[in-house]
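One-letter residues, chain by chain:
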Amino acid sequence: MKILSGEIVEITSTNILIAFLIIWSIIYIMNTTKKQQLEKKSDNGENETPMGLKIYYGLFGILRTSAGLKIIDKVGKYKFWRKLSLWLIPLCMIISILTLYMFITSTINLFSGTVPKETSKPVIFLFGNLIPWIPGIVALIIGITLHELAHGIVARAYNLKIKSTGLLLGLGIPLGAFVELSDEFKETNNKIRGAVASAGPIANVIIFFIAIFAMPFVMNIDSPITISNVLEDYPAQGVLLKGDVIYSINDHKINSLTSFQNAVKDIKPNEKIKITILRNNELKTITTLTTTKEGLIGINAEASASISFILQTLYWTSMLNLMLGFFNLLPALPLDGFYIWNALPELIRDLKKGNKILNKISTITEHLINERSLTSISLMVWGLIFVSMAYSFM
């Protein structure tokens, strides 16, 4: 929160949304005015200048630029991306099959009542409630940007042209960057399309693991551990206060989240523990008993604001990237999974050209997996998604 004219203004999700809506309204009005001017010039015979920002339905925006094209060209010139991306197709197929299975079972569980309705709401509706705004937006930007960048790098490895790069906006909120492929992508063979498609979801999975592995290092950074909440009807009530800084537990000094976790992990039910806290610049030592069942004293503790923000960002970067990667592997047009599944018959045939057994397997696979069957699966997947989302709001 911040102080303005002697009053405390709390930074809430609603305030953030209002700010973005105001900014987006200004951008929308300026863009509409500029478009009308360009149309007028065009009617007068003047050449129309291509616009960088294009707004759809007043809600979404695509800002097309040429930024980053040279970098993609330099990184994508190495041909080993071709072999790597081809090996990613079977890996993506395995993950895709598991994702499709989990998607179907979770949908069945949703309608049977064993899964809460909230699980089927679009992710955007979880922002501000479950997902904190800034860490969540940062996570989306990282995920979408690197997902698209991976597509672009592999596309350039196959000498496919990239029309533009740019920024995706939703009500003025940056949702990430994108790479727009040329029509060559549609005209190339299924195997190459599958290779390009596989790069994006795997990039998200890699980001997931990087974020997960980074979290323990951040938790080990020195930081004061402060009590953020004292629960009612627990031993800590009336003894410990919100804002107390935990100095030590059972003589184990607490200077990071890791040291805090190590100090409390072996505490047993009905155990006498000694906690030294810093309150009003004075050290105080308090002795209390844990609960008889859970072995708790009833406090929540957190690290400094900067450490907490980094951990939140890493956590939601891992979770949202895992969701983004797995969702894109569903075999439904226009998701990446559609192109990956469609590439499988051709990939099998080209493992060893002229091999009769592989040709036979490829032919059988092609009868089962082709654009017609995948289109039917696409209709089923999107139908279930929209029905599930509608059901979640009932």
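Residues numbered from 1 in each chain as written. Predicted model: local features only at pLDDT ≥ 70, side-chain atom pairs only at ≥ 80, totals over all residues. Heavy atoms only, no water.

## Some remarks on the overall build of the protein chain
Piece 1. When helices and strands are counted, the protein chain shows eleven helices and twelve strands.
Piece 2. Buried positions account for 39% of the 394 residues belonging to the protein chain.
Piece 3. By sequence separation, contacts in the protein chain at least 24 residues apart represent 68% of the contacts at least 6 residues apart.
Piece 4. As displayed, the protein chain has an accessible area near 23,100 Å², and 63% of this comes from carbon and sulfur atoms. (Helix = DSSP H or I, 4+ residues; strand = E, 2+ residues; numbered from the N terminus. Buried < 20%, exposed > 50% of the residue type's maximum accessible area, 1.4 Å probe, protein only. Contact = heavy atoms within 4.5 Å. Areas by Shrake-Rupley, 256 points an atom, 1.4 Å probe, with all protein chains shown as cover.)

## Some remarks on the packing of aromatic side chains
Piece 1. The final tally for this structure, using the stated rule, is eight aromatic pairs.
Piece 2. Both rings, one in Tyr-315 and one in Trp-316, keep their centres 5.0 Å apart while their planes meet at 80°; by these two values the pair is edge-to-face.
Piece 3. Judged by its relative accessible area of 37%, Tyr-315 falls in the partly exposed class.
Piece 4. Taken together, the ring pairs connect Phe-185, Phe-338 and Tyr-339 into an aromatic cluster. (Phe/Tyr/Trp six-rings, centres within 6.5 Å; stacked < 30°, edge-to-face > 60°.)

## Considerations on the environment of Leu-149
Piece 1. In this structure, Leu-149 sits in helix 4 (residues 133-157).
Piece 2. When its relative accessible area of 31% is taken as the criterion, Leu-149 is described as partly exposed.
Piece 3. Leu-149 sits 29 residues away from Phe-178 along the chain, and the two C-alpha atoms are 7.2 Å apart.

## Details of the pairing of strand 8 (residues 245-249)
Piece 1. Summarising the sheet, strand 7 (residues 225-230) and strand 8 pair through two bridges and their orientation is antiparallel. From the neighbouring strand, Ile-225 faces strand 8, where its bridge partner is Ile-246.
Piece 2. Bridge count for strand 8 against strand 10 (residues 272-279) is four bridges, and the pairing is antiparallel. Residue pairing for strand 10: Ser-248 is matched across the bridge by Thr-276.
Piece 3. Bridge count between strand 8 and strand 9 (residues 252-253): two bridges; the pairing is antiparallel. (Pairing = 2+ DSSP bridges.)

## Focus on the pattern of salt bridges
Piece 1. Counted according to the given criterion, the structure contains seven salt bridges.
Piece 2. Residues Asp-251 and Lys-274 are paired through a salt bridge, measuring 3.0 Å at the closest nitrogen-oxygen approach. Taken as a pair, Asp-251 in the loop between strand 8 and strand 9 and Lys-274 in strand 10 lie far apart in primary sequence, 23 residues in all.
Piece 3. Through salt bridges with shared partners, one network takes in Lys-191, Arg-349 and Asp-350. (Salt bridge = Lys/Arg side-chain N within 4 Å of Asp/Glu carboxyl O.)

## As for the nonpolar core
As a rule of thumb, nonpolar side chains are buried together in soluble globular proteins.
Piece 1. Within the largest apolar cluster, 42 residues are counted, with the highest numbers of intra-cluster contacts made by Tyr-158, Leu-160, Leu-181, Val-196, Ile-340 and Val-381.
Piece 2. Going through the elements one at a time, helix 2 (69-76), helix 3 (80-112), helix 4, strand 6 (173-181), helix 6 (190-219), helix 9 (336-349) and helix 11 (371-392) are the ones with two or more residues in this core.
Piece 3. Ranked by the residues each element gives to this core, the list is headed by helix 9, at eight residues.
Piece 4. Filtering out sequence-adjacent residues up to four positions away, Tyr-158 remains in contact with Arg-82, Ser-85, Leu-86, Ile-192, Ala-195 and Val-196.
Piece 5. Counting 26 residues, the second largest nonpolar core, distinct from the first, contains Ile-227, Leu-240, Ala-303 and Ile-307. (Core = buried A, V, L, I, M, F, W, Y, C linked by side-chain atoms within 4.5 Å.)

## Regarding the packing of helix 6 against helix 9
When two helices pack together, their arrangement is given by the angle between the helix axes and the distance between those axes.
Piece 1. Where helix 6 contacts helix 9, the axes come no closer than 7 Å and their chain directions differ by 135°. Accordingly, the angle class assigned to the pair helix 6 and helix 9 is oblique. Our pair here, helix 6 against helix 9, has a crossing hand that is left-handed. Note on element contacts: helix 9 touches helix 6 through Asp-336, Tyr-339, Ile-340, Asn-342, Ala-343, Glu-346 and Leu-347, opposite Asn-190, Lys-191, Arg-193, Gly-194, Ala-197, Ser-198 and Pro-201.
Piece 2. Grouping the constituent residues of the contact of helix 6 with helix 9 by class yields six nonpolar, four polar and four charged. (Axes fitted to C-alpha atoms, helices over the stretch in contact; angles between N-to-C directions. Parallel < 35°, antiparallel > 145°, perpendicular 65-115°, else oblique. Left-handed = near helix turned anticlockwise from the far one by under 90°. Nonpolar A, V, L, I, M, F, W, Y, C, P; charged D, E, K, R; others polar.)

## Observations concerning the packing of helix 9 against helix 11
Piece 1. Look at helix 9 against helix 11: their axes get within 10 Å of each other, and the N-to-C directions meet at 150°. With respect to helix 11, the axis of helix 9 lies roughly antiparallel. In this structure, the crossing between helix 9 and helix 11 has a hand that is right-handed. Counting all contacts with helix 9, which are made through Phe-338, Trp-341 and Asn-342, the residues of helix 11 involved are Glu-371, Leu-374, Thr-375 and Ser-378.

## Topic: helix 8 (residues 305-328)
Piece 1. For helix 8, with 24 residues, the first-to-last C-alpha span of 34 Å sits near the 34 Å given by 1.5 Å per residue.
Piece 2. For helix 8, the complete set of buried residues consists of Ile-307, Leu-311, Thr-313, Leu-314, Trp-316, Thr-317, Ser-318, Leu-320, Asn-321, Gly-325 and Asn-328.
Piece 3. Elements in contact with the buried residues of helix 8: helix 4, helix 6, helix 7 (257-264) and helix 9. (Expected span 1.5 Å × (residues − 1).)

## Concerning a nonpolar patch on the surface
Piece 1. A cluster of nonpolar side chains, namely Ile-94, Leu-98, Tyr-101 and Met-102, defines an oily patch on the protein surface of about 450 Å² accessible area.
Piece 2. Checked against the element boundaries, Met-102 lands in helix 3.
Piece 3. Since its relative accessible area comes to 43%, Met-102 is described here as partly exposed. (Patch = residues over 30% accessible without salt bridge, like charges linked within 9 Å, V, L, I, M, F, W, Y side chains within 5 Å.)

## Here's the deal with helix 3
Residues three or four positions apart in an α-helix share a direction because the helix packs 3.6 residues into each turn.
Piece 1. Its 33 residues give helix 3 an end-to-end C-alpha distance of 48 Å, which sits within 8% of 48 Å, the value for a rise of 1.5 Å per residue.
Piece 2. Along helix 3, the sharpest change in direction is near 30° and occurs at Ile-89; proline Pro-90 comes one to four residues later.
Piece 3. Regarding helix 3, the residues found buried are Ser-85, Leu-88, Ile-89, Cys-92, Met-93, Ile-95, Ser-96, Thr-99, Leu-100, Phe-103, Thr-107 and Leu-110.
Piece 4. The secondary structure elements touched by the buried residues of helix 3 are helix 4, helix 6, helix 8, helix 9 and helix 11.
Piece 5. Positive backbone phi, at 90°, marks Gly-113, one or two positions downstream of helix 3. (Bend = angle between axes of the 7 residues up to and from the residue.)

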